[in-house]
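# Working through the structure, step by step
So you can see what is in the structure, the chains are spelled out below.
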Amino acid sequence: MASFLIKRLFALIPVWFGVSLIAFLFVHFIPGGPFDTGAIRSQQATENIRHFYHLDKPLLEQYAIYIWHVLHGDFGQSMVHRGLGVSSVIVGRFPTTAELGLAALVVALGVGIPAGIFAAARRNTVMDYVLMLSATIGYAIPNFVLAIFLILFFGLRLEWFPLGGWGGFSHLVLPAVALGLPWAGLIARLTRASMLETLSRDYIRTAYAKGLGTRGVLVKHAFRNGLMPLTTIVALLAAELITGSLIIENIFGIPGIGHYMVDSILGSDYTMTLGFIIFYATVIFFANFLVDIAYVWIDPRVRVG
Amino acid sequence: MQVAPRRSQAVIKASMVAVAASLLIAGAASGGQWTRTDAAPSATKATHASSVLRVAVTQAPDPFDPATLADNRSIELAQNVFDGLVDVNDAMKVVPAIAKSWKITGGGTVYTFNLRHGVHFQNGDLVTAKDFVYSWNRALSPKVASPDSFFLTNIKGADAVTKGKATTATGLKATGKFTLRVTLTGPAGYFPSLVSRWPAWVIDSKDVKAHPTTWDAPGTLNGTGAYKLVRAVGDSQYIFQANPSYFNGAPKIREVQVSVVPNATAAVARYQANEFDAVLNLDSPSILQVQKSSSLKSQFHSRPLLRTVWLGMGYTTAPFNNRNVRLAFNHAIDKAALVKVALAGQATPAVGWLPPGVAGNVASSRKDYSYDPELGKSLLAQAGYGSNGKAFPTVALTYSLATGETEQAFEFIQNQLQQNLGIHVTLKQMPANAFNAAMSNPKQRPSLWGYSFGLDYPDAQEQTTYLGITGAGYNFEAYSNKKYDALVNAANASSNQAKRAALYRQSENIRLNDAVDVPLYYPNSTWLVKPSVKGFGASPLYSRKWFGMSIGN
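Definitions and limits used
- Every residue gets a number counted from 1 within its own chain, in the order that chain's sequence is written.
- Chain letters start at A and ligand numbers start at 1, both assigned in the order the entries are written.
- Totals for whole chains, interfaces and linings use all residues, but because this is a predicted model, local features are given only for residues with pLDDT of at least 70 and pairs of side-chain atoms are given and counted only at 80 or more.
- Numbered from the N terminus, helices here are DSSP runs of H or I no shorter than four residues, and strands are runs of E no shorter than two.
- Residue burial here comes from a neighbour count, namely the number of other C-beta atoms, placed from the backbone, that lie within 10 Å of the residue's own C-beta, with 20 or more meaning buried, 12 or fewer meaning exposed, and in between meaning partly exposed.
- The contact rule is simple: place each C-beta atom from the backbone, and if two of them lie within 7 Å, those residues are in contact.
- Each residue carries a pLDDT score, the predictor's confidence in it, ranging from 0 to 100.
- Lines are fitted to the C-alpha atoms to define the axes, a helix being fitted only along its stretch in contact, and any angle between axes, read from their N-to-C directions, falls within 0 to 180 degrees.
- Crossing chirality is assigned from the near helix's rotation relative to the far helix, an anticlockwise turn below a right angle marking it left-handed and a clockwise turn marking it right-handed.
- Note on residue classes: Ala, Val, Leu, Ile, Met, Phe, Trp, Tyr, Cys and Pro are nonpolar, Asp, Glu, Lys and Arg are charged, and everything else, Gly too, is polar.
- Strand pairing is assigned whenever DSSP identifies at least 2 bridges connecting the two strands.
- For this analysis, nonpolar core means a set of buried Ala, Val, Leu, Ile, Met, Phe, Trp, Tyr and Cys residues linked through C-beta atoms within 7 Å.
- A helix is expected to reach a length of 1.5 Å times the quantity of its residues less one.
- Two axes enter the definition of the bend at a residue: one is fitted to the seven residues ending there, the other to the seven starting there, and the bend is the angle between them.

Each helix and strand counted, chain B has 17 helices and 20 strands in total. Here the C-alpha coordinates of chain B stretch approximately 90 × 80 × 50 Å along the principal axes. Counting the 553 residues in chain B, one finds 51% classified as buried. The contacts in chain B between residues at least 6 apart in sequence include a share of 67% that link residues at least 24 apart.

Dropping the structure here:
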């Protein structure tokens, strides 16, 4: 198992460099540079600024300088917000986005998986239909619609939770629910389908025949084998949630990373955009790697050399 | 396969426990983390110390180094921390600040500033003329690469500094401990206005030399202003405290908490819940929301900015090289309706190209081209277009969403042109940077566009010289009129402010008679403020400094 995983890890390194190079070239070809703000500026000042950011050097030399700094943990300075270090933005804001994403993941899994298992266990009963209908509706509702509803009802009307901001458990609940509940619907449906597929297998019937109770069957045999498709989805979901929802962060005034991402792209802020792309690529690589480990753990048959 | 009912009870229980547990775990795991002392406190509700002002802004400021500040929202906050030789008041007149007086000699090329003797930085260091020499040379140096070095390049020798050929400008001398002599390359009546602005604010040379990378961090940021930036919570909250030894007197408000709430609608909701005393710079959705509420409506304020939004046209390219076509456009757009319908009333219909509030504007003295579609049609016919002439070429009205520009405004204009002149223009919205890059490139420049320009310093010199005269870098219309140029150059050179204003007014009339563009509207700055806060407001440039405010009962 170890050699398999180490091989996977080493395969990621050239991919990482490839992503960084492609991203680097890509941002430089966006029409309009970071300094095309329309503000009055002298020719000399523009030259000085370009020199300050190494933009007067050949493209590949710029890439080499950039990657060298990145490997030392320095993502450079924003080209639009002078004095703002890209690393400080990531370090300062990503934990917030990640916290929100993880909380949303907990909501999605914590509500979705039990609902799916329960619906599978009570297949074709009223409860099953109610749950699956709720799941479909929940999945269809855009998260920002849900967010506004939650703010109006639980925030303004009942005053159970603050209307926005960040800093305590009470600030986390509404955004996490808004972000996670729609996914709970998807997770519920997937879990149910996966469980049903697993429950129809021969070894389940054997387990019952051996005298194992419902709970034992579900927990010891069915759930673990039904986990595989779920794991794939959870990995993608985790990556999706951790990279944040700009809209939810915007509505709740959460100081996450989404705002800076959009801002940097619209402003052609090369260093900031690149910093985010490379950071996220690294996060996603890591998430995928964790999924690989999970696959091997869940199903020992997956250990392709 | 059917599951026995009794056994499924256990499953239900287990699922519920799982849900509850996961939520609790999430809470517990995170709860410990959030008792960190730098966690952003959401502003306290209702009863708070009456000398704390809580303001909501929609954008986090950049680090506060005066030499590299670039956006208005940062400057708006930084103006409370730093001062310059002079300042501008709400009427956009230059008034003394750290300089108590100044003399202009040498035919308008030598300015001698006499500084106050007892001004101190917030760390206690005394402000001397040498600090100004240091600050200005630093703002010119290529190492700092300030985008706004042009504010100071009127000074003799400054150009060499920006090119890296010198470290100090020869025209910049501290002739005494508190005397600063500035020699310019030529007479420039707008020089005092220039040095009222941020690139010329003074920083502590001793402090910056000793702490080159940390001097501008929250807590150690050191200016001469009425407020000191003591703490920043990430970039979502900034705490400022009054500087009791401010040279103009001790501020009345003890502390200002600036919270960044990117969504203006959310900021208004929290303002209603009494979390904020003021909200700056609302957007259209939140303004509409405010106007629906009777309680909020009375707390909502707006005033015109030193900014004009206009419809630009290619002066030297068909079809706009024909004055009748440009005049037709000027008569075909109902600006009052545009402001009312497309901008929710949050603008003023424009008469002149220079915005009101700056000396030399004609916004109140000149009669605008009338809204007269019939006249527009006949002018178009005179130009050879229309039903009896050739078809008007299809043009793309190109624009970006710079300050004050909205999609609704341009959709309205498109509609008016169709309705009133029978001309169909397509709309092309571009991201700001791509738009500006296209405008700067004569090959990519559109023939019809929307443009928004706001003055960086309250002097007509900026707009006329950089956007108006022949060959100017931002003169995208490629307008050229020798009389206009002569008037602007004369106005720039004179030191007699009344004479300058008159000259700029003449230049405005020439430009408007040539119908170079269609000035559309002057956008507003907007804000919400509780009645208990006295002195809150805005100048045409930014929201007012906190120094003059108080919180009464």
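Having seen the model, we can carry on.
The secondary structure content of chain A amounts to 13 helices and zero strands. Helices and strands in chain A line up, N terminus first, as α-α-α-α-α-α-α-α-α-α-α-α-α. Taken along its principal axes, the extent of the C-alpha atoms in chain A is 85 × 60 × 30 Å. For chain A, the residues scored as buried account for 43% of the 305 residues in total. Within chain A, contacts between residues at least 6 apart in sequence are counted, and of these 74% link residues at least 24 apart.

All names here are of chain B. For chain B, the average pLDDT comes to 90, and 91% of its residues sit at 70 or higher. Segment residues 1-8: pLDDT under 50, and 11 contacts once partners within four positions in sequence are set aside and those in other chains are kept. Every residue in residues 13-49 is under pLDDT 50, and counting partners more than four places away or in other chains gives 48 contacts. With a pTM of 0.85, the predicted complex shows an ipTM of 0.85.

Take unusual backbone geometry next. Residues and elements named next belong to chain B. Between A318 and the following residue, P319, the backbone shows a cis peptide bond with an omega angle of -5°. Its location among the elements puts P319 in the loop between β13 (307-313) and α10 (323-332). Despite not being glycine, N274 shows a phi value in the positive range, around 70°. With respect to the helices and strands, the residue N274 is situated in the loop between α7 (264-272) and β11 (278-280). Non-glycine residue N281 carries a positive phi angle of around 60°. Residue class for N281 comes out buried when judged on the 21 C-beta atoms lying within 10 Å of it.

Residues and elements named next belong to chain A. Packing of helix α6 (residues 143-157) against helix α7 (residues 169-199) brings their axes to within 9 Å, and their N-to-C directions diverge by 140°. The handedness of the crossing between α6 and α7 comes out as right-handed. Along the contact surface, α6 presents N143, L146, A147, L150, I151, F154 and G155, while α7 presents L174, V177, A178, L179, L181 and P182. When its residues are assigned to classes, the contact of α6 with α7 shows 11 nonpolar, two polar and no charged.

What follows deals with the sheet that holds strand β6 (residues 172-176) of chain B. All names here are of chain B. The antiparallel open sheet is built from four strands, whose spatial order is β4-β5-β7-β6. Two strands lie at the open edges of the sheet, namely β4 (99-105) and β6, each paired on one side alone. Within the sheet, the average angular offset between the axes of one strand and its neighbour, ignoring direction, is 20°. On top of the sheet, helix α3 (residues 129-140) reaches β5 (110-115), β6 and β7 (179-183); it is set at about 175° to β6, its chief contact.

The predicted coordinates ought not to be read in detail in places where the model reports low pLDDT. Looking at chain A, the pLDDT average stands at 87 and 98% of residues meet or exceed 70. At the level of individual helices and strands, chain A shows its lowest average pLDDT in helix α9 (residues 214-225) of chain A, which scores 76, and its highest in helix α2 (residues 43-52) of chain A, which scores 95.

Right, let's get into the pairing of β7(B). Residue and element names in this part refer to chain B. The two faces of β7 differ: L180 and V182 on one face are buried, but T179, R181 and T183 on the other face are not. As paired elements, β5 and β7 share five bridges and run antiparallel to each other. Of the residues in β7, the one forming a bridge with V110 is T183. Where β6 lies against β7, four bridges are found, and the strand directions are antiparallel. Bridging from a neighbouring strand, L172 pairs with V182 of β7. What sits between β6 and β7 in their antiparallel hairpin is a turn of two residues.

All right, on to helix α15 (residues 460-468) of chain B then. Residue and element names in this part refer to chain B. In terms of burial, α15 is largely enclosed, as seven of its nine residues are buried. Taken together, the buried positions of α15 are A460, Q461, E462, Q463, T464, T465 and G468. The inward-facing, buried residues of α15 abut β17 (448-454), α16 (482-493) and α17 (497-513).

Looking now at the environment of B:K428. All names here are of chain B. When you line up the elements, K428 lands in strand β16 (residues 425-429). Given 17 C-beta atoms within a 10 Å radius, K428 is considered partly exposed. When residues no more than four places from it in sequence are discounted, the contact partners of K428 are A396, L397 and T398.

If you look at the biggest cluster of nonpolar residues, it comprises 216 residues, and the most contacted ones within it are A:V107, A:A108, B:A278 and B:V279. For A:A108, the contacting residues outside a window of four places in its chain are A:G180, A:W183, A:A184, A:I187 and A:L237. Membership of the second largest hydrophobic core comes to 21 residues, among which are A:Y66, A:M79, A:F94 and A:F279.

Relative to the helices and strands, A:P229 resides in helix α10 (residues 227-242). Residue contacts for A:P229: discarding those within four places in its chain leaves A:L190 and A:S194.

To continue, consider helix α4 (residues 86-121) of chain A. Residue and element names in this part refer to chain A. Under the 1.5 Å per step criterion, the end-to-end length of α4 is 50 Å for 36 residues, consistent within 8% with the ideal 52 Å. In the structure, α4 departs most strongly from a straight axis at R93, where the bend amounts to approximately 35° and where the proline P95 lies between one and four residues downstream. Within α4, 29 of the 36 residues are buried, which leaves it mostly tucked inside the rest of the structure.

Right, let's get into the environment of B:P319. Residues and elements named next belong to chain B. Judged by local crowding, P319 falls into the buried class, with 21 C-beta atoms found within 10 Å. As for P319 and F392, which are separated by 73 residues in sequence, their C-alpha atoms are 7.8 Å apart. Those residues in contact with P319, other than ones at most four positions away along the chain, are V325, F392 and P393.

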